[in-house]
Structures are given as structure tokens and as C-alpha cells.
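As a plain string of letters, each chain reads:
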Amino acid sequence: MLTHSYYAKLLATRNPTQNKGKRTAGIDGETWSSPETKMKAALSLTDKKYVAKPLKRVYIEKYGSKKKRPLGIPTMYDRAMQSLYALALEPIAEATGDRTSFGFRKFRSTHDACEQVFVCMCKKNSSDWVLEGDIKGCFDNISHQWLIDNIPMDKSILKQFLKAGYVFERQLFPTEAGTPQGGIISPILANLTLDGIEKILADKYHTNKSGRIDSNHAAKYKVNFSRYADDFIVTAKTEEIAKEVKELIKVFLNDRGLELSEEKTLITHIKDGFDFLGWNFRKYNGKLLVKPSKKSIDKITEKISNTIETGKTWKQEVLIDTLNPIITGWANYHRSVVSSEIFHKMDHKIWNMLWHWAKRRHPNKPKHWIVNKYWHSSGKRNWVFSEGDKQLNLLFDTKIVRHTKLKLDMNPHLDKDYFISRKIRLGVRKLKGVANKVLEKVKKVLQPETETMTNNCCPI
């Protein structure tokens, strides 16, 4: 009923014309840029004699690797059709999905996955072993037959999405497995494929012989599961249990045409620590600390370094405007974990990069001249990289705020009040930080006037 709804078709047409890829055309070269073309497209959406066009294949660089990731770009019409069926399929995926799956789901984020792992491992008597799971080429290898047999949607339409093929260097290639990377419906299909891992683990390690959930039985094995997209973590009491879990998941994935990556799937002790979603989880003397991972630190350092290198000839205010969103974004991502020390070190690294940037611009000027030109005092703080009213943000100014744990049984389609209030609470925390920065700027502006007024006042 939803896929035949007039209003659903309007919404499905709007979605691909308002995202980041709205100006990226498929193999037909079409982009719906005017209201007339959008309305015409919405009225033409139908499942009758629908034939999906091949995807335009491009390759994007993979960070930290010489390999490139394949990306398929559907035509605008195919994007709208995928968006229409995603509207119908997404509520089903929400209702039947794993409770501890956090990727590509409404109102769920990497921070929720982080908090779930922390809760499972933070106590002294929590599990000590971790299975770090990584699925080899997840989107590229999902079995088409399994999807056709198990995904609750129109089979003929699903076959068109899956069997469309792709065009690369003017050659047409068929698609025998996998979901279309770059397709709107692909994340939902991937989630539906991987949903069920939590259940097989719960059936084996959380229930007793009578089939009922038993807390004593669960405490015996301490098996907990958390997944974000195709990366997952499973905790276990012993290394043997972790190996047993690995074999269970291998069998589960094999039915779906998938397999674990032997290189990236590791069994680790919590004292040695492990990385997940850009954070490092490790116990120090029995206390679990979550910090930004070394890979994440190296990535942001490289990005800032490249930006400063690119801006060799930029004005100072242009460089500040370019760096501030990068610094703020990374700081906000890591503000819910133990990051203060790393923020301080990163600020020092950025200062050194900017010092070399300034020295290179003025090789014949003395150091104190360079300092006076680019660094100024601001309130009680010296050495502020600023130009006029613009100044570089410091990571250390970011307040550490613990992320609020998500109630796992809540459904965004049924418990809207909970998610709205939660979003407001999380938003208020961010606004407080913004408000404090605005107040500081107002104080700086008003400070000279206040001092003048004070000096002109008669003593009482």
C-alpha cells in the first residue's frame, strides 16, 4: 500500500534530490533540478514493467590502504524507486532487527554502539575477551538468492535492484552477488541480512535448557554482542568461548554468502585493548578507559597537516575558517570519551604546524614579529591564533560530556516521544557549549567598554 501511495512517491522523489549526491548523474546523465522534472518523475514512479538501468561504477580511495572502494551510482529514477521501497522496508527492519545493531538505523549512532560496549565491559567482573569481527566485502558478496528468498518485498522489483549490473569504461558487467553500493536501499538490505547474529548467540549463551532467558546462565559465559554496519564486537568470558562464537558466526554468514576477514577478525584480551569505530577500549588496572584510537588521531593529524600545507598562500582568516569545522567535528565526535589529554596534545601539534606555516611565509622576519602578527591575547589566554574577530578553535575547550545510553527496546516508529525528548536532551548539551562560547565572545567585545565606564565613574 505504501509503495502505491501518492504522498510516498512525492517523498521518494524528494529524498535523492536533496542529499549530497543530488547533482551526480547516473549513466543516463539526468539530474532532477527543477520542480517540474521532480513532479513529472514522482507521477511516473510505478512497478509496472519496471527495469532498472545499470549503475555507473566509480572507485574511491580507501583511507590507509592502496586499495580502492567500488561505488555504484544509480540513475535518478532508480534512486527514487529504491527510496520508495526503502520507506516501506525500513519499519520492518526496525521491528525485526537486532537490539544491539546501531548502523544505518534511525536515531542510532556510533556513540550508542560505544556506550553499549562500555556497559558490557566496564565492571571488574565483566568479560575479559573480545572477538573483533569484520566481514569480508560485506556489500559485495551477499547472496542474491538469500535476499530474494528472505527479504519481505516485491521479488520482481528486488531482482531489478540486484541484477542491474554496472558500467565501467563503457563496458557492461553483470552483478552476480552483493547489494548495489551507493544505492539508497543497500544499507537496509545489509542490516536485514546480518540481523539474527544476536539471536543465535542469545539462544546458546543466554537461555537454559527449557528455552528461557536465565541471568545465571548468561553470567556463566558473559557473551554480549554489538554491531555497527559490518563491524561487530562480541565479548566472552574465556578465549575458548570467543573461538566458539567465531565458528557460530562463520556458519551464520556462510548461509548468506559471506565470510569473516581472517586478517581483521581478532580475539583480544581487554588488557591489550581493541579499536572499534575510532575509539580504543582498554582496561588499566581493572578500569576500562575509552580513548580516541591511534588510527583516528593519525587521520585527523594528516587531514589538518594537508589543509595547512594546501593553505600556504591563504590569508590567516581563510585558514581559520577552513580548520575550525575540522577541529570542531573531531572534538565533538570524541567528547563523550576520555579525551582531555589527547585534545591537549593535539592542540600542541596544531600549534607547531601553524608555527611552521607562519615561519615559511616570512623567512626573513624575526620570531617576535611573526608572533605579534599571527598570535594575540584573548581574555586570560595568550598565544591565540587569530585575525580580527576570528580565532582558531582549541580542542581542549571542548567539554567532556558522557553520552546518554539508548533504551534498546524503543522503536522510532512507535516511541516517538522518547526519541524526540532524547534528541532535545542531546541537543541542549551541544547548545550549552555553543552558548558558553558566544558568552565569552560577548564578554570580550564588552570588556573594553566596561573598563572605560568603570574608569570614568566617580569613586563611592
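Everything below is about the structure printed above this text.
Below: a short report on this structure. (Residues numbered from 1 in each chain as written. Predicted model: local features only at pLDDT ≥ 70, side-chain atom pairs only at ≥ 80, totals over all residues. Heavy atoms only, no water.)

### Side note on the sheet that holds strand 14 (residues 390–391)
Across the sheet, which stays open at both edges, the 3 strands sit in the order 12-13-14 with antiparallel pairing between neighbours. Unpaired on one side and paired on the other, strand 12 (375–378) and strand 14 mark the two borders of the sheet. When strand 12 meets strand 13 (residues 381–387), the two strands line up antiparallel, connected through 3 bridges. When the bridges of strand 13 are listed, tryptophan 375 appears paired with phenylalanine 385. Strand contacts of helix 13 (residues 316–333): strand 13 and strand 14, with the helix running at about 105 degrees to strand 13, the strand carrying the most contacts. Seen against the sheet, helix 15 (residues 367–374) touches strand 12 and strand 13 and runs at an angle of roughly 50 degrees to strand 12. (Pairing = 2+ DSSP bridges. Helix = DSSP H or I, 4+ residues; strand = E, 2+ residues; numbered from the N terminus. Contact = heavy atoms within 4.5 Å. Axes fitted to C-alpha atoms, helices over the stretch in contact; angles between N-to-C directions.)

### Structural notes on unusual backbone geometry
Residue lysine 222 is not a glycine yet carries a positive backbone phi of 55 degrees. Among the secondary structure elements, lysine 222 is positioned in the loop between helix 10 (215–221) and strand 6 (224–228). Using a relative accessible area of 22% as the deciding quantity, one classes lysine 222 as partly exposed. Of note, the phi angle at leucine 277 is positive, near 60 degrees, even though the residue is not glycine. Along the chain, leucine 277 falls in the loop between strand 9 (274–276) and strand 10 (279–284). Overall, leucine 277 belongs to the buried group, its relative accessible area being 18%. (Buried < 20%, exposed > 50% of the residue type's maximum accessible area, 1.4 Å probe, protein only.)

### Observations concerning the packing of aromatic side chains
We describe a pair of aromatic rings using the distance from one ring centre to the other and the angle between the two ring planes. In this structure the tally under the stated criterion is 24 aromatic pairs. Aromatic pair tyrosine 166 and phenylalanine 173: ring centres 5.2 Å apart, planes at 15 degrees, arrangement stacked. Relative accessible area serves as the criterion here: at 16%, tyrosine 166 is assigned to the buried category. Ring geometry for tryptophan 351 against tryptophan 355: centres 5.7 Å apart, planes inclined by 5 degrees, an arrangement best described as stacked. In this pair, tryptophan 351 and tryptophan 355 both sit in helix 14 (residues 340–361), 4 residues apart, roughly one turn of the helix. You can call tryptophan 351 partly exposed: its relative accessible area is 28%. Among the aromatic residues, ring-to-ring pairing joins Trp351, Trp355, Trp357, Tyr374, Trp375, Trp383 and Phe385 into one connected group. Taking NZ or CZ as reference, arginine 256 lies 3.7 Å from the ring centre of phenylalanine 252, over its face. The lysine or arginine in question, lysine 365, covers the ring of tryptophan 369, its NZ or CZ lying 4.7 Å from the ring centre. (Phe/Tyr/Trp six-rings, centres within 6.5 Å; stacked < 30°, edge-to-face > 60°. Lys NZ or Arg CZ within 6 Å of the ring centre and 35° of its normal.)

### What to know about a nonpolar patch on the surface
A contiguous nonpolar patch, built from Tyr6, Tyr7, Met39 and Leu43 and spanning about 470 Å² of accessible area, is present on the exposed surface. Elements with a minimum of two residues in the nonpolar patch: helix 1 (6–14) and helix 2 (35–44). Tracing the backbone shows tyrosine 6 in helix 1. When its relative accessible area of 40% is taken as the criterion, tyrosine 6 is described as partly exposed. (Patch = residues over 30% accessible without salt bridge, like charges linked within 9 Å, V, L, I, M, F, W, Y side chains within 5 Å. Areas by Shrake-Rupley, 256 points an atom, 1.4 Å probe, with all protein chains shown as cover. Salt bridge = Lys/Arg side-chain N within 4 Å of Asp/Glu carboxyl O.)

### Things to note about helix 7 (residues 155–162)
Helical geometry: 3.6 residues make up each α-helical turn, so side chains three or four residues apart lie on a common side. Among the residues of helix 7, those classed as buried are Ile157, Leu158, Phe161 and Leu162. Along the long axis of helix 7, the arc covered by the buried residues comes to 135 degrees, so they all point the same way. Lining the buried residues of helix 7 we find helix 3 (76–96), helix 6 (144–150) and helix 8 (186–194). (Arc of directions from axis to C-beta.)

### Looking at a positive patch on the surface
Judged by side-chain charge, Lys62, Lys67, Arg69, Lys136, Lys264, Lys295, Lys299 and Lys303 come together as a positively charged surface patch. In terms of residue count, the dominant contributor to the positive patch is helix 12 (residues 294–310) (3 residues). In this structure lysine 295 comes out as exposed when scored by relative accessible area, which is 55%. (Lys, Arg positive; Asp, Glu negative; His and termini not counted. Charge placed at Lys NZ, Arg CZ, Asp CG, Glu CD.)

Remember, this is a structural readout, not a statement about activity or role.
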